[in-house]
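Here's the letter readout for the chains.
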Amino acid sequence: MFKKIICLLLLFLSIKTFADDGYRLWLKYDLIKNQKERESYARITKFIAVNSQLEIVKTASIELQSGLKGLLGKTVPVIASSKSTGGIVFQLSLNKDLNEEGYSITSQNGNIVINANTEKGILYGTFELLRSIQTGKSLSNISIVSNPKIQYRMLNHWDNPLGTIERGYAGSSLWKWYELPENIDPRYKDYARANASIGINATVVNNVNASARFMTKEYLLKVKALADVFRPYGIKVFLSINFAAPKILKGTKTSDPLDPQVRAWWQAKTNEIYSIIPDFGGYLVKANSEGEPGPQDFGRTHADGANMLAEALKPYTGVVIWRAFVYKPSSKDDPKGDRYKEAYNDFKPLDGQFDKKVIVQVKNGPIDFQPREPFHPLFGAMPKTPLAMEFQITQEYLGFTTNLVYLAPLFKECLESDTYVNGKGSTVAKVVDGSLHDYHLTAIAGVANTGSDRNWTGHFMSQANWYAFGRLAWNHELSSEQIADEWVKMTLSHEPKTVKTITKILTESRENYVNFTTPLGLHHIMGQGIHFGPEPWLMKSDRPDWASAYYHRADTLGIGCDRTKKGSEALLLYTQEVQNQWNDPAKTPLPYLLWFHHVGWKTKLSTGNTLWDELCTRYYTGLQSVKDMRKEWNSVKPNIDKEIFEDVAGRLAVQEREAIWWRDACVLYFRQYSKMPIPAQFPKPERSLEEVTKLVEIYQLR
Ligand code: GCW
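The structure reproduced in this document is the subject of the present report. (Residues numbered from 1 in each chain as written. Predicted model: local features only at pLDDT ≥ 70, side-chain atom pairs only at ≥ 80, totals over all residues. Heavy atoms only, no water.)

To continue, consider the side chain of N364. Tracing the chain through its elements places N364 in the loop between β12 (358-363) and β13 (387-392). Those residues in contact with N364, other than ones at most four positions away along the chain, are F369, P374, F375, H376, F379, M389, E390, F391, L410 and C414. (Helix = DSSP H or I, 4+ residues; strand = E, 2+ residues; numbered from the N terminus. Contact = heavy atoms within 4.5 Å.)

What follows covers the sheet that holds strand β11 (residues 319-323). The strands making up a sheet associate through backbone hydrogen bonding, with each pair oriented either parallel or antiparallel. With respect to topology, 8 strands assemble into a closed barrel ordered β7-β8-β9-β10-β11-β12-β13-β14, the strand pairing being parallel. Averaged over all adjacent pairs, the angle separating strand axes in this sheet is 25°, with direction ignored. By the bridge criterion, 4 bridges tie strand β10 (residues 282-285) to β11 in an arrangement that is parallel. Counterpart to Y283 in the pairing with β11 is V320. (Pairing = 2+ DSSP bridges. Axes fitted to C-alpha atoms, helices over the stretch in contact; angles between N-to-C directions.)

This paragraph deals with the sheet that holds strand β6 (residues 143-146). Here we have 6 strands laid out as an open sheet, ordered β2-β1-β3-β5-β4-β6, and mixed in their pairing. Edge strands, defined here as strands with exactly one partner in the open sheet, are β2 (78-79) and β6. Its contacts with the sheet place helix α4 (residues 119-134) against β3 (88-92), β4 (103-108), β5 (111-116) and β6, and it is angled at close to 140° to β5.

Within the largest apolar cluster, 227 residues are counted, with the highest numbers of intra-cluster contacts made by F230, W266, W633 and F670. The element contributing the most residues to this core is helix α20 (residues 642-674), with 15 residues. Those residues in contact with F670, other than ones at most four positions away along the chain, are L522, I525, P536, H552, A554, I559, W601, W612, L615 and Y619. (Core = buried A, V, L, I, M, F, W, Y, C linked by side-chain atoms within 4.5 Å. Buried < 20%, exposed > 50% of the residue type's maximum accessible area, 1.4 Å probe, protein only.)

In the region of the ligand, 15 residues are neighbours, and E166, K286, R323, D368 and E396 sit closest. Between the ligand and the protein, one listed contact pairs an oxygen atom with a side-chain N or O atom of R167 at 2.9 Å. Note that an oxygen atom of the ligand is positioned 2.6 Å from one of the side-chain N or O atoms of D368. For the ligand, whose free accessible area comes to 340 Å², the fraction covered by protein is 98%. Class assignment of the residues belonging to the shell around the ligand gives a composition of 4 nonpolar, 3 polar and 8 charged. (Near = heavy atom within 4 Å. Polar contact = N/O pair within 3.5 Å; in protein donor to acceptor, adjacent residues only side chain to side chain. Areas by Shrake-Rupley, 256 points an atom, 1.4 Å probe, with all protein chains shown as cover. Nonpolar A, V, L, I, M, F, W, Y, C, P; charged D, E, K, R; others polar.)

Further remarks concern the pairing of β13. For β13, the buried fraction is high: 6 of the 6 residues fall into the buried class. Judged by which residues are buried, β13 turns out to be covered on both faces: L387, M389 and F391 on one side and A388, E390 and Q392 on the other are all buried. Looking at chain direction, β12 and β13 are connected through 4 bridges and run parallel. Bridge pairing links V362 to M389 in β13. In terms of strand pairing, β13 meets strand β14 (residues 443-447) through 4 bridges, oriented parallel. Bridging from a neighbouring strand, E390 pairs with A445 of β14.

What follows is the structure, given as structure tokens:
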């Protein structure tokens, strides 16, 4: 009787519309509403048999127990071993089908067995089992074998010591450096849980524009406190380093990587780090990029710098992750100068010169996390150097936290691009997962979108981007829809129509965003510095390649950047097959057209429209799609938590205002060059170009 009352109470609590602040992410574990469904799960989850004392196995059993308690409303006992049936059994034993972190989940002799070679595999299998229940899958005859395709699946935090986050839009840093190491915010653990649940196993806690503070004992002890919280969740801590740290911290007179004293300094520092954090992951380095110090300051190469750090790490398990995001201002006298080519020109010649412990981390595209970019030409071009993928989860160029933009389609588009380096099917994904060039190390990083906002990511829907990054890092073959469907069921609703509508909103959102900001291959025309709002009229900046005109090249003849042989020749960095796809403006797929060609305003496109009409059409339909998205969101109101519903609805209203802003700015500005009218079926912007121009100025005021 007592049990029944408790159950009813739990059911009541879960049905009652309580305000959900989004804190629990996709780990809600609310009671399953359907009693029959609950009972059917309960029948096969009567116990959790755990015969290991390993720390991460313990984490797994605690997570499973508390997850099942929430979902099924009952406490499932954890027992040492069992001869009975109807329970879940953790089995740590050699399985040749599994790699170090893989797992299998199978029905065996009346139990559900989670099998893995290591404790981490057990943890990931546990979260998969919970996810199956959360998304309403049947567990009878369950049979899953899953291995992560990439070794290091990491978040990169651009968090600064003073609590700000570079390009972070969800409040301040999660890490309270001044309170550490004594005071441990409970959020650190929840952060680790969320990451572990999607297979993320490494985190770089500080900004790549790195402060030397992190190399001091004072700060290393703080970092150790975080590492201690993350370890039971299988997460390793990495640090971004300032290449000039030895000199800044007054240990040496120079930071030249070939100087013996500098090398000795890094060795001693690395020894110190490992004495404090024995499973330290390694170093992430931004060098000679955007003013950061690096080996080139001393006439040395990126390989010299990276190899020095690799040598210091030699006695340990750690690795060096060296970023390829570099670009010098192109020389004024070089008519072929193009930022697109800089990283390739710097790094490609170094292939084969890096130490075995070095991974070179490359952004998905050649410019900088634009709403759409062609894949970076370095992918496929460095067969002897493990290349890691760097995606940006934080929406620096994709509408901050006022725009609903689901990034899985962007990630997938890049991963599925074919480099053709070893013939057809040589996808970027195969470069990154190591299968194409047989890399001995593999890694994928996402620049985090987390912050101190209660819901972690500012825009509630941006949680889906953190989630999708982790899921794709584990298995890049999952589809965007599948990931969206899972996420919606775990965080918002199980009601079929609602799931369908929100999954549709998510999967279409990125293309919509491209349409009302940078359609047809336009790029880098946003407000300079802040990277917010449109500023296509920016002709000059501190560096030429920070100005919009450098990228769109609009004139009275047409628009777009010629990167073919006749232009900057950036296209020549790709294999012949890729060049063939993008060489001829008449055959270049429209999403990439203006990336590679300067196209006449009156040129007829495959849509039947002239370039000018098509450009206008994209800006107008892009805006229309935001309006549609708002309608669709309103249609799911009855099935969504009120607080979440209102918050997302509010942000969608902002998004519509911003879409109008982008549209007005771009059609009014480019019309000055095209000298053609906005197609008659579209209403004219209600304001002048001057008025829109002022807007971005406001946002740039101090
Ligand atoms: O996208 C640009 C950002 C910088 C960032 C840089 C990088 C951390 O605007 O803020 O600096 O890229 O990736 O290093």
